[in-house]
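One letter stands for each residue in the lines below.
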Amino acid sequence: MRVKTGITRRRRHKKILKANKGYRMSKSKLYKVGHEAYMHAGQYSYNDRKKRRNQARKVWIDRMNAAARENGMTYSQLIHKLRTADIQLNRKMLSEIALGHSEVFSKIVASL
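Here we summarise the structure given alongside this text. Everything quoted here is computed from the prediction, not taken from an experiment.

Taken together, the side chains of Arg10, Arg11, Lys14, Lys18, Lys21 and Lys29 define a basic patch exposed on the protein surface. Position of Lys18 among the secondary structure elements: in helix H1 (residues 6-19).

Laid out in structure tokens, this is it:
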């Protein structure tokens, strides 16, 4: 006896097409084209989650650079002096301090 995939296939197709609501042209209507779009969208979403972390780090560095220059130092000099002074603050925390508490950041820079 052969196994027919009527219900299973229909459910699988409906799941993909439901996820593709709002896609342009036939990507939201036809399963084959829609499935390709669905797979690519998933891959883009995965890759961009990784890119988001890099972009956040760039923002932290830009903030620190701006705050360091206000205190007469460049970003690279600041990082070098923090390393030699063995101060264990990461870039995220330093950028938050530079943004919200500029007087504290100035004291950190002055202590180097």
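So that's the structure; there's more coming.
What follows deals with the environment of Met39. Mapped onto the elements of the fold, Met39 is located in helix H2 (residues 31-70). Taking the C-alpha atoms as reference, Met39 lies 39 Å from Leu94; in sequence the two are 55 residues apart.

Topologically, Ser28 is positioned in the loop between H1 and H2. By relative accessible area, Ser28 is classed as buried at 15%. At a separation of 3.3 Å, a polar atom in the side chain of Ser28 contacts the side chain of Lys29. The contact partners of Ser28, leaving out residues within four places of it in the chain, are Leu17, Asn20 and Tyr23.

Take helix H4 (residues 91-100) next. Three or more residues of H4 are buried, namely Arg91, Leu94, Ser95, Ile97 and Ala98. For H4, the angular spread of the buried residues around the axis is 160°, confining them to a single face. Facing away from the buried side of H4, by more than 90 degrees, are the exposed residues Leu99 and Gly100. Residues of H4 that are buried in the fold lie against H2, helix H3 (75-84) and helix H5 (102-110).

Now for the layout of surface pockets. Rolled over the atoms, a probe as big as a water molecule pinpoints where empty space is left. One number sums up the size of the largest pocket: a volume of about 150 Å³. Lining the largest pocket are Ile79, Leu82, Arg83, Ile87, Gln88, Leu89, Asn90, Arg91 and Leu94. At the level of elements, H3 and H4 are the ones that each hand at least two residues to the lining of the largest pocket. Sorting elements by how many residues they give to the lining of the largest pocket places H3 first, with three residues. Across the lining of the largest pocket, the residue classes break down as five nonpolar, two polar and two charged.

So, how was this worked out
- Residues numbered from 1 in each chain as written.
- Predicted model: local features only at pLDDT ≥ 70, side-chain atom pairs only at ≥ 80, totals over all residues.
- Heavy atoms only, no water.
- Patch = residues over 30% accessible without salt bridge, like charges linked within 9 Å, V, L, I, M, F, W, Y side chains within 5 Å.
- Areas by Shrake-Rupley, 256 points an atom, 1.4 Å probe, with all protein chains shown as cover.
- Salt bridge = Lys/Arg side-chain N within 4 Å of Asp/Glu carboxyl O.
- Lys, Arg positive; Asp, Glu negative; His and termini not counted.
- Charge placed at Lys NZ, Arg CZ, Asp CG, Glu CD.
- Helix = DSSP H or I, 4+ residues; strand = E, 2+ residues; numbered from the N terminus.
- Buried < 20%, exposed > 50% of the residue type's maximum accessible area, 1.4 Å probe, protein only.
- Polar contact = N/O pair within 3.5 Å; in protein donor to acceptor, adjacent residues only side chain to side chain.
- Contact = heavy atoms within 4.5 Å.
- Arc of directions from axis to C-beta.
- 1 Å grid on protein atoms, 1.4 Å probe; cavity = no way out; pocket = protein on both sides within 12 Å on 5 of 7 lines; lining within 4 Å.
- Points joined across faces, edges and corners; volume = space filled by probe spheres on them.
- Nonpolar A, V, L, I, M, F, W, Y, C, P; charged D, E, K, R; others polar.

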